[in-house]
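Residues per chain, in single letters:
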Amino acid sequence: MKNPKVENKAGAVAVSTKKNSQLAAIMKRYMKNKLAVFGLILFLLLVVLAVGADLFADYEADAITQNMQNRLQPPSAEHLFGTDQYGRDVFARVLFGGRISLWVGTATILISLAGGALIGATAGYYGGKIDNVLMRIMDVFLAIPSILLAISIVAALGNGMMNLMIALSVSSVPRFARIVRSSILTVKGQEFIEAARAYGCRNGKIIVYHILPNAIGPIIVQATLSMASTILMISSLSFVGLGLPSAIPEWGSMLSEAKEFMRYEPYLITFPGIAIVLAVMAFNLIGDGLRDALDPKLRN
Amino acid sequence: MLKYIGKRILMMIPVVLGISFIIFSILALTPGDPAQMILGENASLEDIQQLREEMGLNENFLIRYVKYMADAVRLDFGESYRTSLPVVEEILTRLPNTFSLAFFGIGLSVVIGVPIGIISAVKQYSIFDTVSLGLALIMTSIPAFWLGLMLLLVFALKLGWFPAIGITDWTGFVLPSVTLAIGSMATMIRMTRSTMLEVIREDYIRTARSKGASEGRIIRRHELRNALLPIITIIGINFGLQMGGAMICETVFSIPGMGSLMITSVRQKDVPMVMAAVLFVAIAISLINLLIDIIYAFVDPRIKSQYVKTSR
């Protein structure tokens, strides 16, 4: 009984050192890509500003409380981005809006990743009829443009943060399912899976411990790129009034409220828009950079 | 060829059925009683019960779906809860607006994006290449509705060159189309560039060059023709995105299209309208993709030869 354990440990060590060197190589390739590094810097900046938003502004006092004598002030030292029609500080609202976008976006991606991994793994691992049925269902979901799917779900469930997350997750589950499934199909036939099965691993354990780690690269790339499109969708839906309730500082709903004042107060629509562009760009750049770093063959 | 087209049309049926079933199931989750909504707060219980019976709301979910689809085939998509008029009428007046917006957007992005992509690939790593890739990067990250607002601000409100509201004549289409085009132009530039780069490395290009063909002829006859195929696919994929973008942009430019219809219907819980609107847009997109596939088969000699041989 002792021998296999020792061997197993030695094997694990060997694998982990190899993984580390692989990770280092990926990091090195990533860091060589200037645009990708720029994306990473943008992302870190976004995270610092969003997470540390309380250091720069007070949520209740600056972003929520209406202050009518201060309304529609142009940008100044006191109000960097000016104030909106209710006298709220636009800078503070943009910062807290970043927190909302990041939080809703991350939650959405995690939900759809979990759903996609479950469906994709089941389909890829078991194959046959299960695979066929599950993937045809995913195909139909993919055939519906995500905005239509999201609108229908919001129509059924109503506005609100939770419903928005559900609506957005449902439309990105199929993409994750496809990626997980194809990764599983590529590693399924390899010897180490046979070995794990011979060792007595149960199906669920094989999927979670042996197959999914091998699919992690493409999953991360897809998650990053989906994050970009999810942030766009959150703001688009909030802009047309089907996303978050307008009291919550969110970039899209800020733009929607600012619409009627934009002629004389153009700064009101400028800053939230730039925030969306930078956030989306950060995730796009990181996603592209990771894809190139993970698969050097793709670069030309 | 006809066989191929027939096969593609038949393949559309399960997709449309699947889409309609998913949307129908999602919308069936809507809380609230439609009969109560139509009759108002003060309606008596018997009236509500009677209307529920008439509308078939007491039936099992699957039966309701089958009935809906049976009516839908006869182009009866039910009546709006709000106006009590057939929903098809309203949709048919609005669909062309959204459709033309998406169409102009795609057209513009092809006309501008494809040449930029070609030049980028031919002059890889030049300043032009760097600048156009940089622009493409920014373009993919700009939300269409914000770009629309900014264009509206500058060209309609400040400069007054275009109308700010509605589409009374062609000038109304300019700003929304440009807005939509910029979003998909990025993909056009990137895709054209990368497929061109692949084609440029092919052996037959070296052959063409070594037999003395001029550079312009190589680009036009050998490179572009082969690079066009993936570009056509991208147009198809992008069309769905464009319809979605157009629906959001309509709110910015106050255009009466499918987007504004869906948004107001969602707010008013007008389920038949939402259902039919989503279904129409989804089917319109599938039809465009079908068209793209057929065009593809005509343009790509490999697919064409497959079917020409078998039909002979």
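The shown structure was predicted, so the numbers you read here are calculated from the model rather than taken from an experiment.

About the cut-offs
- The numbering scheme is per chain: residues are counted from 1 as the chain's sequence reads.
- Chains carry letters and ligands carry numbers; both start at the beginning, A for chains and 1 for ligands, and go up in the order they are written.
- The predicted origin of the model limits local features to residues at a pLDDT of at least 70 and limits the giving and counting of side-chain atom pairs to 80 or more, whereas totals for whole chains, interfaces and linings rest on all residues.
- The basis for every side-chain value is the complete set of heavy atoms in the structure, and neither hydrogens nor water enter the calculation.
- For the purposes of this entry, the term helix denotes a DSSP run of H or I that reaches at least four residues, the term strand denotes a run of E that reaches at least two, and both are numbered from the N terminus.
- By definition, residues are in contact when any of their heavy atoms lie within 4.5 Å.
- Each residue gets one of three labels from its accessible area relative to the maximum for its type: buried under 20%, exposed over 50%, partly exposed in between, using a 1.4 Å probe on protein chains only.
- Any Lys or Arg side-chain nitrogen found within 4 Å of a carboxyl oxygen on Asp or Glu counts as a salt bridge.
- Planes of paired rings set the category: under 30 degrees apart is stacked, over 60 is edge-to-face and the rest tilted, where pairs are Phe, Tyr or Trp rings (Trp by its six-membered ring) whose centres lie within 6.5 Å.
- For any pair of parts, buried area is found by adding up, for both, the accessible area (1.4 Å probe) each one loses once the two are put together.
- Whenever a nitrogen or oxygen atom comes within 3.5 Å of another N or O atom, the pair is scored as a polar contact, on the condition that within protein one atom can donate a hydrogen and the other can accept it, and that pairs from neighbouring residues in sequence are kept only if both atoms are in side chains.
- Here the nonpolar group is Ala, Val, Leu, Ile, Met, Phe, Trp, Tyr, Cys and Pro; Asp, Glu, Lys and Arg are the charged ones; every other residue, Gly included, is treated as polar.

Draft legend 1. A look at the overall build of chain B. Looking only at helices and strands, one finds 13 helices and zero strands in chain B. Ordered by position from the N terminus, the helices and strands of chain B form the series α-α-α-α-α-α-α-α-α-α-α-α-α. Taking the principal axes of the C-alpha coordinates as reference, chain B spans close to 85 × 60 × 30 Å. For chain B, long-range pairs separated by at least 24 residues make up 72% of all intrachain contacts whose partners lie at least 6 apart in sequence.

Draft legend 2. Region of interest: the side chain of Asn 238 of chain B. Residue and element names in this part refer to chain B. Within the secondary structure, Asn 238 is located in helix H10 (residues 215-253). When its relative accessible area of 5% is taken as the criterion, Asn 238 is described as buried. When neighbours within four sequence positions are excluded, Asn 238 is seen to be in contact with Ile 106, Ser 184, Thr 187 and Met 188.

Draft legend 3. Looking closely at the pattern of salt bridges. According to the stated counting rule, one finds 15 salt bridges over all chains in the structure shown. When the shortest N-O distance is used, the salt bridge between Arg 88 of chain A and Glu 257 of chain A registers 3.1 Å. One end of the pair, Arg 88 of chain A, is in the loop between helix H4 (59-64) and helix H5 (90-126); the other, Glu 257 of chain A, is in helix H12 (residues 251-258), and 169 residues separate them in sequence. Given the relative accessible area of 5%, Arg 88 of chain A is considered buried. Measuring nitrogen to oxygen at the nearest pair gives 2.8 Å for the salt bridge that ties Arg 193 of chain B to Asp 129 of chain B. In this pair, Arg 193 of chain B sits in helix H8 (residues 171-200) while Asp 129 of chain B sits in helix H6 (residues 127-141), placing the two residues 64 residues apart along the sequence. As far as the burial class goes, Arg 193 of chain B and Asp 129 of chain B line up, both buried. Look at the salt bridges and you will find they share partners, linking Arg 136, Asp 139 and Arg 178 of chain A into a network.

Draft legend 4. Region of interest: the packing of aromatic side chains. Residues and elements named next belong to chain B. Scanning the entire structure with this criterion turns up 15 aromatic pairs over all chains. Relative to Tyr 65, the ring of Phe 21 lies with its centre 5.0 Å away and its plane at 85 degrees, an arrangement referred to as edge-to-face. Of this pair, Phe 21 sits in helix H1 (residues 2-28) while Tyr 65 sits in helix H4 (residues 61-73), and the two are 44 residues apart along the sequence. Ring centres 5.5 Å apart and planes at 45 degrees place the aromatic pair Phe 24 and Tyr 68 in the tilted group. You can see Phe 24 sitting in helix H1 and its partner Tyr 68 sitting in helix H4, a full 44 residues away along the chain.

Draft legend 5. Spatial organisation of the interface of chain A and chain B. Residue-level contacts link 41 residues of chain A with 45 residues of chain B. Summing both sides of the interface, chain A and chain B together bury roughly 3600 Å²; the carbon and sulfur share of this comes to 78%. Applying the counting criterion to the chain A and chain B interface returns one salt bridge. We note a salt bridge from Arg 190 of chain B to Asp 288 of chain A, for which the minimum N-O separation is 3.6 Å. The interface formed by chain A and chain B contains five residue pairs in polar contact (both at pLDDT 80 or more). Ranked by the residues each element gives to the side of chain A that touches chain B, the list is headed by helix H13 (residues 267-294) of chain A, at eleven residues. The residue makeup of the side of chain A that touches chain B, split by class, is 28 nonpolar, ten polar and three charged.

Draft legend 6. Structural view of unusual backbone geometry. Residue and element names in this part refer to chain B. The phi torsion at Leu 75 lies on the positive side, around 65 degrees, for a residue other than glycine. Even without glycine at this site, Ser 254 takes up a positive phi of about 50 degrees. With respect to the helices and strands, Ser 254 occurs in the loop between H10 and helix H11 (258-267). Exposure remark for Ser 254: the relative accessible area of 35% places this residue in the partly exposed category.

Draft legend 7. View of the environment of Gly 236 of chain B. Residues and elements named next belong to chain B. The residue Gly 236 is located in helix H10 in this model. The class of Gly 236 is buried, set by a relative accessible area of 1%. Residues Gly 236 and Gly 6, 230 residues apart in the sequence, show an inter-C-alpha distance of 19 Å.

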